[in-house]
Amino acid sequence: MGVKHGRDYSEILTELTEAVGRISDGYLFFEMEPDEWRELPEESKHEVWEALAEDLFYALGNEPTIEVGSGVVMYDKETHRINILLGEEDLATVHLV
């Protein structure tokens, strides 16, 4: 189903991809070891983050909070945003409208 949005989906996907790519240990979501992740070419890493962002966009419609490594991706239905907690204090936001 996904989350409700008023902005262009491709713009949301680009911003969400960039945000989840900032989660330093996000590769743990894929049950990868740090060495396996480091060995991936940058282009492959980007493709992985983009696929994850797309999956998250749709999954957040059913499950409003999803852990990705040490990060947390949260859908705030009231403010029409996806918030990504990147660490103890760092937060990224993707506006849906």
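The present account deals with the structure reproduced in this document. (Residues numbered from 1 in each chain as written. Predicted model: local features only at pLDDT ≥ 70, side-chain atom pairs only at ≥ 80, totals over all residues. Heavy atoms only, no water.)

### Some remarks on the sheet that holds strand 4 (residues 91-95)
- The strand order 1-2-3-4 describes an open sheet built from four strands, whose pairing is antiparallel. The sheet is open, and its two edges are formed by strand 1 (65-68) and strand 4, each paired on a single side. Going from strand to strand, the sheet's axes swing by 20 degrees on average, the running direction of each strand aside.
- In this sheet, strand 3 (residues 81-85) lies alongside strand 2 (residues 71-76) in antiparallel orientation, the contact comprising five bridges. The residue of strand 3 that forms the bridge with Asp76 is Arg81.
- In the packing of helix 1 (residues 9-20) onto the sheet, the strands contacted are strand 2, strand 3 and strand 4, and the crossing angle to strand 4 comes to about 170 degrees.
- Here helix 3 (residues 42-59) sits on the sheet and contacts strand 1, strand 2 and strand 3; the angle it forms with strand 1, its principal contact strand, is near 155 degrees. (Pairing = 2+ DSSP bridges. Helix = DSSP H or I, 4+ residues; strand = E, 2+ residues; numbered from the N terminus. Axes fitted to C-alpha atoms, helices over the stretch in contact; angles between N-to-C directions. Contact = heavy atoms within 4.5 Å.)

### Observations regarding the packing of aromatic side chains
- All chains considered together, the criterion is met by seven aromatic pairs.
- Geometrically, the ring pair formed by Phe30 and Trp49 is tilted, given 6.2 Å between the ring centres and 55 degrees between the ring planes. Taken together, the positions of Phe30 in the loop between helix 1 and helix 2 (34-39) and Trp49 in helix 3 put the pair 19 residues apart, joining distant regions of the chain.
- Each residue in the set Tyr27, Phe29, Phe30, Trp37 and Trp49 is aromatic and connected to the rest through ring pairs, giving one cluster. (Phe/Tyr/Trp six-rings, centres within 6.5 Å; stacked < 30°, edge-to-face > 60°.)

### Re the side chain of Asn83
- Structurally, the position occupied by Asn83 is in strand 3.
- Residue Asn83 is classed as buried on the basis of its relative accessible area of 10%.
- A polar side-chain atom of Asn83 sits 3.0 Å from a polar atom in the side chain of Thr93.
- Residue contacts for Asn83: discarding those within four places in its chain leaves Val72, Val73, Met74, Asp76, Leu91, Ala92 and Thr93. (Buried < 20%, exposed > 50% of the residue type's maximum accessible area, 1.4 Å probe, protein only. Polar contact = N/O pair within 3.5 Å; in protein donor to acceptor, adjacent residues only side chain to side chain.)

### Looking at unusual backbone geometry
- In this structure, Glu31 is a non-glycine residue whose phi angle is positive, near 60 degrees.
- Position of Glu31 relative to the elements: it lies in the loop between helix 1 and helix 2.
- Of the residues examined, Glu31 reaches a relative accessible area of 73% and is grouped as exposed.
- Non-glycine residue His80 carries a positive phi angle of around 60 degrees.
- Following the sequence through the fold, His80 ends up in the loop between strand 2 and strand 3.

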